[in-house]
Structures are given as structure tokens and as C-alpha cells.
Amino acid sequence: MKIIDNYRDLPIGMYLEICEISRREDIEELHKQVSILSILTGREEEEIYDLPIGEYKELAAKSRYLSQPYDGEVLTAKTYALEGWVLQPVEDYRKITAAQYIDFQTFVKDAEKNIVEILSVMLVPKGKKYNQDYDIIELQNVLRRCLSVADALSLYAFFFVQYTQSIKDSLIYSKEAAMKLRDPEKRKRVLKEIQKQEQHLKQIGVG
């Protein structure tokens, strides 16, 4: 029985399904494993339960990579061809539109669950403007089906670094502007807020 045995071949949508199963507390670990093997093989759970124990153990062994985080190279391509879509990643965060910025800010509040939505904001069909003349929900479905975990996490890391660097640059500018405020109390309040934001960046690894 064939099984997806690496992150390069595992679509991000399947990975998110697996993560959801892994987080569940209402089912036993063995049943979780069967559900995960069902996803990785594309077979019904009943078929997994009916396998000879030797074949079952072999499949379980091939799924063990899921217990380790993806540690491959973080590489991004100029374009991604997926089911007839040619997608271009936003290479400069400063050039995004207001609509992209607002949607990104909304999705990043729950980034772990919204990886696909975040990617759909920062991957735009070639020759198109963001969320214009194409169905973004359809795009998200294509990303779930076709974009590998390896590519998805590489893109996510790339976008995240740009996003946090943009915030950092903004805080530097804000601090310079705050230092010029004549009202000492207002200056103190603004600097305190800036300091809170800087601490937040350090906590997520940017500083």
C-alpha cells in the first residue's frame, strides 16, 4: 500500500487535517494513528484496520517523520504552478496593497490555523491584482490540495520574516518620532507602547 512518507510530497491541507486529529483529546492514540494513516494512504479507515499487522507496522513506521518538525531547506521559488494556476509570491512586503495588509493582519492573529489563508494573501496569480478577477476561496482549496508542506512552510517563514521586519522598521521610525514630542507624558506613553511591541518581537524571535 502506497503512503506519503515525507514532507515534500505531503500537501499542506492533509498536514493540517493530521494536526487537527493529533490535537483531539476525545480519541485514543491508536485510533488517531489509524485516521492519520488513512489520510496518508488515501484509503478508508476500515481498510487500515483490516491490514495484516506486519503491513500496518510498516505503514506506521513510514509515518514517523510526522513526529519531527520539517527541517529541510527554506527555499522559495519565483512562481508556483498548481493545477493550472501560476502563483507569484510577494517578494517585498512594503509593496502589498491595503487589502492584503488588512487580510494578513486578520489571519495572522491565529496563524497556526490560518496558514493556507495567509499563503493565499501573499501568493497572487501571475498577471492579477490581489483578490481581483479570480476566486480566492478556490485558490485556497488548490493550495490545500497541491502545495507541499515543504513549500508551504518555506513560504510562510519567508513572509513571516518580511512581516516582522516591517514592524521592526516601523517601530524604529515611531521611536524617533516619539522622541521629538514636546509633551513629556505623551512621549512616555508612546515610548512605553513601543517598548511593549519590541518585547513582543523578541518573544517571537525578531530583535
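Residue numbers run consecutively from 1 along every chain, following the written order of its sequence. Local features are withheld for residues below a pLDDT of 70 in this predicted model, meaning they are given only at 70 or higher, and side-chain atom pairs are given and counted only at 80 or more; totals for whole chains, interfaces and linings count all residues. To get the side-chain values, take all heavy atoms of the structure and skip hydrogens and water.

*Asks:* What is the right way to read the nonpolar core from this model?
*Replies:* Nonpolar side chains tend to gather and get buried jointly when the protein is soluble and globular. Of all hydrophobic cores here, the largest spans 48 residues; its most connected members are I12, L40, L87, L119, M122, L143 and L147. Here this core gets six residues from one element, more than from any other, and that element is helix α6 (residues 115–122). Contact criterion: two residues are considered in contact whenever any of their non-hydrogen atoms come within 4.5 Å of each other. Excluding residues within four positions of it along the chain, L40 makes contact with K2, I3, I4, L10, I18, S63, Y65 and L66. Working definition of a nonpolar core: buried Ala, Val, Leu, Ile, Met, Phe, Trp, Tyr and Cys residues. They are joined through side-chain atoms within 4.5 Å. Relative accessibility thresholds used throughout: buried, under 20% of the residue-type maximum; exposed, over 50%; partly exposed, between the two (1.4 Å probe, protein chains only). Helical segments are the DSSP runs of H or I of at least four residues, strand segments are the runs of E of at least two, and each set is numbered from the N terminus.

*Asks:* Would you mind going over the confidence of the model for the protein with me for this structure?
*Replies:* Should the pLDDT be low somewhere, the predicted coordinates at that spot are not to be read in detail. Here the protein averages 85 in pLDDT, and 85% of its residues register 70 or above. Each residue gets a pLDDT score, which is the predictor's confidence in that residue and runs from 0 to 100. Mean pLDDT in the protein bottoms out at helix α9 (residues 184–203), which sits at 65, and peaks at helix α7 (residues 136–146), which reaches 97. A low-confidence stretch, residues 203–207 (pLDDT under 50), is modelled with seven contacts involving residues beyond four sequence positions or located in other chains.

*Asks:* Mind showing me how you'd approach the packing of helix α2 (residues 29–41) against helix α4 (residues 53–62) here?
*Replies:* How two helices pack is summed up by the angle between their axes together with the distance between the axes. All axes are obtained by fitting lines to C-alpha atoms, using only the stretch in contact for helices, and the reported angles, taken between N-to-C directions, cover 0 to 180 degrees. The geometry of α2 relative to α4 is characterised by a closest axis approach of 10 Å and an angle of 80 degrees between their N-to-C directions. One way to sum up the angle between α2 and α4 is to call them roughly perpendicular. Contacts between α2 and α4 involve L30, Q33, V34, L37 and T41 on the former and, on the latter, Y56, L59 and A60. Throughout this entry, Asp, Glu, Lys and Arg are counted as charged residues, while Ala, Val, Leu, Ile, Met, Phe, Trp, Tyr, Cys and Pro are counted as nonpolar. The remaining residues, Gly among them, count as polar. Taken together, the residues of the contact of α2 with α4 break down into six nonpolar, two polar and no charged. Each angle is binned into one of four classes, with values under 35 degrees roughly parallel, values over 145 roughly antiparallel, values of 65 to 115 roughly perpendicular, and all other values oblique.

*Asks:* Explain unusual backbone geometry to me, please; I cannot follow it from the model alone.
*Replies:* Where the residue is not glycine, phi is negative for most of them; where a peptide bond is considered, it is trans in most cases. One non-glycine residue, N131, lies in the positive phi region at around 55 degrees. You can see N131 is positioned in the loop between β3 (123–125) and α7. A positive phi angle, close to 65 degrees, is found at D133, a residue other than glycine. Here D133 shows up in the loop between β3 and α7.

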